[in-house]
Each structure stands twice: as structure tokens, then as C-alpha cells.
2 protein chains.
Amino acid sequence: MQLTNAEWTETEEDIARKAFETAYKREISDLIDSVKHKAISLVEMEDMWNLHDFLSAKRHEVDGKYDYRLPMLVFVFAGLVKDGWLSLNELEGLTSDKIAKISALARM
Amino acid sequence: MQLTNAEWTETEEDIARKAFETAYKREISDLIDSVKHKAISLVEMEDMWNLHDFLSAKRHEVDGKYDYRLPMLVFVFAGLVKDGWLSLNELEGLTSDKIAKISALARM
């Protein structure tokens, strides 16, 4: 299936932007909760460096994952659906073709 | 003054090791408190990446600073005294020559 050259209408772009931001806010909020939880349990230096490693990994992951370029969005949304940050019904309004691709990729 | 070729008796080494560990524990404990405090106030992503930057800097600083090699100890202790992690009287038992050097370097 062709994945990267799909056309996006203005309405679809609005839906995509909103879904993208929703997932991003959810993941960051969850991450903040995790960091707070880990911070409460800090006892020794090693715990602190573990927290540092965790933040390094998450920063890298988040920076790489939230790539808002139209040709990449199908992949981005598939990953977000797969990881539970977005549900397919939040993408309602995109063409059924795109939804089908996102859904298929999310199950891989 | 000659700084790096001083002799260390076994007693002095014991004192040095204890002082080194005391300062280290103090600094790490203070750092853990800072991280907990910063974590409580996390609201958005930027705060989290600021915490990550803070931890990166501190890890680098702490790793570099606590260098337990006898020829380096005069410098290490001077830095710890200067930054308030150790007081000169916790080094009591070292030769007056070493104390004088540490004290002079700490005031620089």
C-alpha cells in the first residue's frame, strides 16, 4: 500500500493536528507523573542516575516520535495508536483509506 | 608550594577517606532533595527537560569532582571546602602542611 503520498484536505489536517496534540499532551502528562513518582522514591545516587537515564531515553524517544510532517503522519499515528496514546476514533474524519493504513500499521 | 607529591600516612588516608565519603554523601543527599523539589513542581514538558539538563550537568560535575587519588586529594578537598560540602575541621589529623594548602586553595 502507498503510505507517504496521500493527500490531506484542510479538514483532515485540522483533525490530524488536534489528534497529534492530544496524544502529545497525554504522553507528556503521563511522563511527568512517572518522573514525579520516581523522584519521590529517590534514596541514593544510583536512583538519581537511573532517573537521569530514564529522562535521556524518553527525551530522545519523544523528540523522534512526534514528527509532524504530513508524509510521516500515517506512521506517527500508527505508533501512537499502538502505544495507546491515541484511539482510532480520535482520527475520525480522515479518509477511510488513511484510517485503514494506520490501523493496519498499528497492529504490526 | 608543592601540591601533588605529599606523603600520606595510613592514618591520614583513613581521615581522608572518611572526609571524602562524608562530603559525597552530603552533596548527593542535597542533590536528591533538589531533584525531589524540582520534580514536585513539574508542570510541562519544558520543566521536565530542564530537570534532565540539570541532572546531566550534575552527573558530569559529580563524576569529575570526586576523584579519590591521593595526589589529587588536596585539590578535591579544597573544592569541597570552598563549596561548603566539607569543613576544614573535618580534615583534622592531616599534616598542618596539607591543611594549609587546602585552606589556601579553598579561598582562591
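One can find the structure itself at the top, above this paragraph.
All values derive from a computational prediction rather than experimental measurement. (Residues numbered from 1 in each chain as written. Chains lettered and ligands numbered in written order. Predicted model: local features only at pLDDT ≥ 70, side-chain atom pairs only at ≥ 80, totals over all residues. Heavy atoms only, no water.)

Q: What exactly am I supposed to notice about the overall build of chain A here?
A: Counting secondary structure elements, chain A contains four helices and zero strands. When the helices and strands of chain A are read in sequence order from the N terminus, they spell out α-α-α-α. Relative to its length of 108 residues, chain A is extended, with a C-alpha radius of gyration of 17 Å against a globular reference of 13 Å. Along the first, second and third principal axes, the C-alpha set of chain A runs to 50 × 20 × 20 Å. Relative to its full complement of 108 residues, chain A shows a buried share of 37%. Residue pairs at least 24 apart in sequence account for 69% of intrachain contacts in chain A once pairs closer than 6 positions are excluded. Accessible surface, chain A as shown: approximately 6,100 Å² in total, 51% of it carbon and sulfur. (Helix = DSSP H or I, 4+ residues; strand = E, 2+ residues; numbered from the N terminus. Rg over C-alpha atoms; globule rule 2.2 N^0.38 Å. Buried < 20%, exposed > 50% of the residue type's maximum accessible area, 1.4 Å probe, protein only. Contact = heavy atoms within 4.5 Å. Areas by Shrake-Rupley, 256 points an atom, 1.4 Å probe, with all protein chains shown as cover.)

Q: Would you mind showing me how to read the packing of aromatic side chains here?
A: Geometry of an aromatic ring pair is reported as the spacing of the ring centres plus the angle between the planes. As enumerated under the stated definition, the model contains six aromatic pairs over all chains in all. Clustering of aromatic rings is evident, with ring pairs tying together Phe20, Tyr24, Tyr66 and Tyr68 of chain A. Cation over ring: Arg17 of chain B sits above Tyr68 of chain B, and NZ or CZ is 3.7 Å from the ring centre. (Phe/Tyr/Trp six-rings, centres within 6.5 Å; stacked < 30°, edge-to-face > 60°. Lys NZ or Arg CZ within 6 Å of the ring centre and 35° of its normal.)

Q: When you look at the interface of chain B and chain A in this model, what are you seeing that I'm missing?
A: When the parts of a complex come together, some accessible area is lost, and that lost area is often used as the size of the interface. Facing 23 residues of chain B, the contacting portion of chain A comprises 23 residues. Buried area between chain B and chain A, summed over both chains or domains, comes out near 2,000 Å², and the portion from carbon and sulfur atoms is 72%. Scanning the region where chain B abuts chain A turns up two salt bridges. One salt bridge in this structure joins Arg59 of chain A and Asp53 of chain B, with 2.9 Å as the shortest N-O distance. Counting across the chain B and chain A interface gives twelve residue pairs in polar contact (both at pLDDT 80 or more). Secondary-structure elements contributing two or more residues to the side of chain B that touches chain A are helix H1 (10–40) and helix H2 (45–65) of chain B. If you tally residues by element for the side of chain B that touches chain A, the top one is H2 of chain B, at twelve residues. Tallied by class, the residues present in the side of chain B that touches chain A amount to 15 nonpolar, two polar and six charged. (Buried area = accessible area lost by both parts, 1.4 Å probe. Salt bridge = Lys/Arg side-chain N within 4 Å of Asp/Glu carboxyl O. Polar contact = N/O pair within 3.5 Å; in protein donor to acceptor, adjacent residues only side chain to side chain. Nonpolar A, V, L, I, M, F, W, Y, C, P; charged D, E, K, R; others polar.)

Q: Sorry if this is basic, but what is going on with the relation of the copies chain B and chain A here?
A: Here the second copy of the chain follows from the first by a rotation about an axis and a shift along it. Superposing chain B onto chain A takes a rotation of 180° combined with a translation of 0.0 Å along the rotation axis, leaving an RMSD of 0.0 Å. Accordingly, the operation relating the two chain copies is best matched by a two-fold axis. By residue overlap, the copies meet face to face through one surface: 100% of the interface positions of chain B are interface positions in chain A. (Least-squares fit on C-alpha atoms with pLDDT ≥ 70 in both.)

Q: Looking at this model, I keep getting lost on the nonpolar core. Mind explaining?
A: Nonpolar side chains tend to gather and get buried jointly when the protein is soluble and globular. By size, the foremost hydrophobic cluster in this structure holds 64 residues, and its most contacted members are Met48 and Phe77 of chain A together with Met48 and Phe77 of chain B. With residues near it in sequence (within four places) discarded, Phe77 of chain A still touches Trp8, Ala16, Ala19, Phe20, Leu86, Leu91 and Ile102 of chain A. (Core = buried A, V, L, I, M, F, W, Y, C linked by side-chain atoms within 4.5 Å.)

Q: Sorry if this is basic, but what is going on with the packing of helix H1 (residues 10–40) of chain A against helix H3 (residues 73–82) of chain A here?
A: Between two packed helices, what matters for the description is the angle formed by their axes and the separation of those axes. Residue and element names in this part refer to chain A. Two elements in contact, H1 and H3, have axes whose closest approach is 11 Å; the angle formed by their N-to-C orientations is 40°. Regarding the angle of H1 to H3, the classification is oblique. Both H1 and H3 take part in a crossing whose hand is left-handed. Facing H1, whose interface residues are Ala16, Ala19, Phe20, Ala23 and Glu27, H3 presents Leu73, Val76, Phe77 and Leu80. The residue makeup of the contact of H1 with H3, split by class, is eight nonpolar, no polar and one charged. (Axes fitted to C-alpha atoms, helices over the stretch in contact; angles between N-to-C directions. Parallel < 35°, antiparallel > 145°, perpendicular 65-115°, else oblique. Left-handed = near helix turned anticlockwise from the far one by under 90°.)

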